[in-house]
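Structural features, examined
One letter stands for each residue in the lines below.
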Amino acid sequence: MKPTISIVAPVYNEEQGIEVFIQAVAKEMSEQQLSWELVLVNDGSSDATLEMIRDERTRHPEIEWVDLSRNFGHQAAVTAAIAHARGDAVVVMDADMQDPPALIPQLIASWQAGNQVVFARRIDRAEKGLRRCGFELFHKLFRYTIDFPIPPDIGVFCLLDRAAVDELMKLPERNRFLPGLYSWIGFQRAFVDYSRDDRAAGTPKQTFKRLLKYAIDGVLSFSYKPIRLLGGIGLCTALASFALALYFFCKRLLGYESAFTGFTTLVILVSGLGGLILCAIALVGEYVARIYDEVKMRPGFIVKSTSIDNDQSRH
Ligand code: UDP
Ligand code: MG
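Report follows, based on the coordinates.

Rules of the game
Residues numbered from 1 in each chain as written. Chains lettered and ligands numbered in written order. Predicted model: local features only at pLDDT ≥ 70, side-chain atom pairs only at ≥ 80, totals over all residues. Heavy atoms only, no water. Helix = DSSP H or I, 4+ residues; strand = E, 2+ residues; numbered from the N terminus. Rg over C-alpha atoms; globule rule 2.2 N^0.38 Å. Buried < 20%, exposed > 50% of the residue type's maximum accessible area, 1.4 Å probe, protein only. Contact = heavy atoms within 4.5 Å. Areas by Shrake-Rupley, 256 points an atom, 1.4 Å probe, with all protein chains shown as cover. Lys, Arg positive; Asp, Glu negative; His and termini not counted. Charge placed at Lys NZ, Arg CZ, Asp CG, Glu CD. Pairing = 2+ DSSP bridges. Axes fitted to C-alpha atoms, helices over the stretch in contact; angles between N-to-C directions. Near = heavy atom within 4 Å. Polar contact = N/O pair within 3.5 Å; in protein donor to acceptor, adjacent residues only side chain to side chain. Nonpolar A, V, L, I, M, F, W, Y, C, P; charged D, E, K, R; others polar. Core = buried A, V, L, I, M, F, W, Y, C linked by side-chain atoms within 4.5 Å.

**Description of the overall build of the chain**
Helix and strand counts for the chain stand at 10 helices and 8 strands. A globule of 315 residues ought to have a C-alpha radius of gyration of about 20 Å, yet the chain, at 25 Å, is considerably larger. The C-alpha extent of the chain, read off along each of the three principal axes, is 95 × 40 × 40 Å. Taken across its 315 residues, the chain has 43% of its residues classed as buried. In the chain, 83% of the contacts between residues at least 6 apart in sequence involve partners at least 24 apart. With the model as given, the accessible surface of the chain reaches about 16,800 Å², and the carbon-plus-sulfur share is 63%. Here the chain carries 35 positive and 37 negative side-chain charges, and the mean point of each set is 8 Å from the other.

**Concerning helix α3 (residues 74-84)**
Burial within α3 is extensive, with 11 of its 11 residues counted as buried. Among all positions of α3, only His74, Gln75, Ala76, Ala77, Val78, Thr79, Ala80, Ala81, Ile82, Ala83 and His84 are buried.

**Here we look at the sheet that holds strand β7 (residues 189-196)**
Pairing within the open sheet is mixed, and its 8 strands lie in the order β7-β5-β6-β4-β1-β2-β3-β8. Either end of the sheet is taken by a strand with one partner, and the two such strands are β7 and β8 (303-306). Pairs of neighbouring strands in the sheet enclose a mean axial angle of 20°, with direction left out of account. Direction of pairing for strand β1 (residues 5-11) relative to strand β2 (residues 36-42): parallel, over a ladder of 7 bridges. In the sheet register, Ile5 faces β2, and the bridge partner there is Trp36.

**Quick notes on the site of ligand 1**
Taken together, 20 residues lie around ligand 1, and Glu14, Asp43, Asp96, Arg131 and Lys205 are the ones closest in. Gln98 places a polar side-chain atom, nitrogen or oxygen, 2.7 Å from an oxygen atom of ligand 1. Summarising the interface, the protein chains cover 97% of the accessible area of ligand 1, which totals 530 Å² for the free molecule. Of all elements in the fold, only β1 and α3 reach the threshold of two or more residues within the shell around ligand 1. The residue inventory of the shell around ligand 1, partitioned by class, reads 6 nonpolar, 5 polar and 9 charged.

**With respect to the nonpolar core**
Grouped together as the largest cluster of nonpolar side chains are 42 residues, with contacts concentrated most on Val8, Leu68, Ile82, Val92, Leu160, Leu168 and Tyr182. With 7 residues, α3 is the single largest residue contributor to this core. Residues contacting Val92, with those up to four places away along its chain left out, are Val8, Val78, Ile82, Val156, Phe157, Cys158, Leu160 and Tyr182. Membership of the second largest hydrophobic core comes to 35 residues, among which are Ile18, Phe21, Met97 and Leu103.

**Looking at the side chain of Ser6**
Structurally, the position occupied by Ser6 is in strand β1. In this structure the side chain of Ser6 is engaged in a polar contact, spanning 3.3 Å, whose partner is the backbone nitrogen of Arg86. When near neighbours in sequence (up to four residues on either side) are disregarded, Ser6 contacts Glu37, Ala85, Arg86, Gly87, Ala89, Val90 and Val91.

**Some details on the side chain of Ser223**
Within the secondary structure, Ser223 is located in the loop between α8 (208-221) and α9 (225-253). At 2.9 Å, the side chain of Ser223 forms a polar contact with the backbone nitrogen of Lys225. The residues touching Ser223, leaving out its near neighbours within four places in the chain, are Thr145, Ile146, Asp147 and Tyr287.

Take a look at the structure:
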């Protein structure tokens, strides 16, 4: 039978924390008078995560699992999780307890009040050090770089109504930035605030490199500003050089000797401009690489096996 609420989460090498998460979700949902399922997507874990999920399923029949053929990364795994949800509303969250299951009742209450995209908004986060600085810097800069209004301090943690899920799943892009896509699809939206805890167990599975790609995906898929900025810099440089040329030309006409004969100036100018041009090419390359990814049309993820009967998910 189709459940009313689907809670979906990606898991990658989470053997230390998965039981705590399942129990916390089961506790919250047992207090709701609603049918539910918990869809866990195993994103190519190399530890005992999947065996533990299977074992938990004997105690909690609401659990469904989807096993991907390898590690596809957080955004792909979350997309796979949403694609397999069958509920009328889907709660998307991480499985490391950083997105607190205790917030689920509030998300559901907001959905029952008629909201279709309910964002969980971080008002504080427990992470420390470089990681925290990185996250904060990204969210501050992100606001100014995007063309499209995406609410600040949101992540993948949210509740989506079935109508929103169906529209989200129609978007074919591969380099996904889900918080942006949640906003892009529109619908009646609301916010529920929370403090982001530290993970319950284990270490973060998102490497710095992956987080950086995610941040760049976020900017490039929602903004042409980087390209326009390049155009602006190029125009300013060209105008400045034209003005300089005019200045020296006039000076020569009036009979003065050229002021600069310096080799150093020349080297600095040439190498500086060369560097600027290479940066510009690299930026255009980032857009082109993403276009190439899209035209290859490889699926975002591949499902190896699943516990869901008649699995007809789209990806
Ligand atoms: N995760 C995943 N695939 C990955 C990396 C992470 O499915 O390649 C899962 C992970 O198990 C967790 C969630 O995505 O449930 C968030 O990962 P993590 O806590 O490492 O990210 P962070 O909170 O640091 O952004
Ligand atoms: Mg985490």
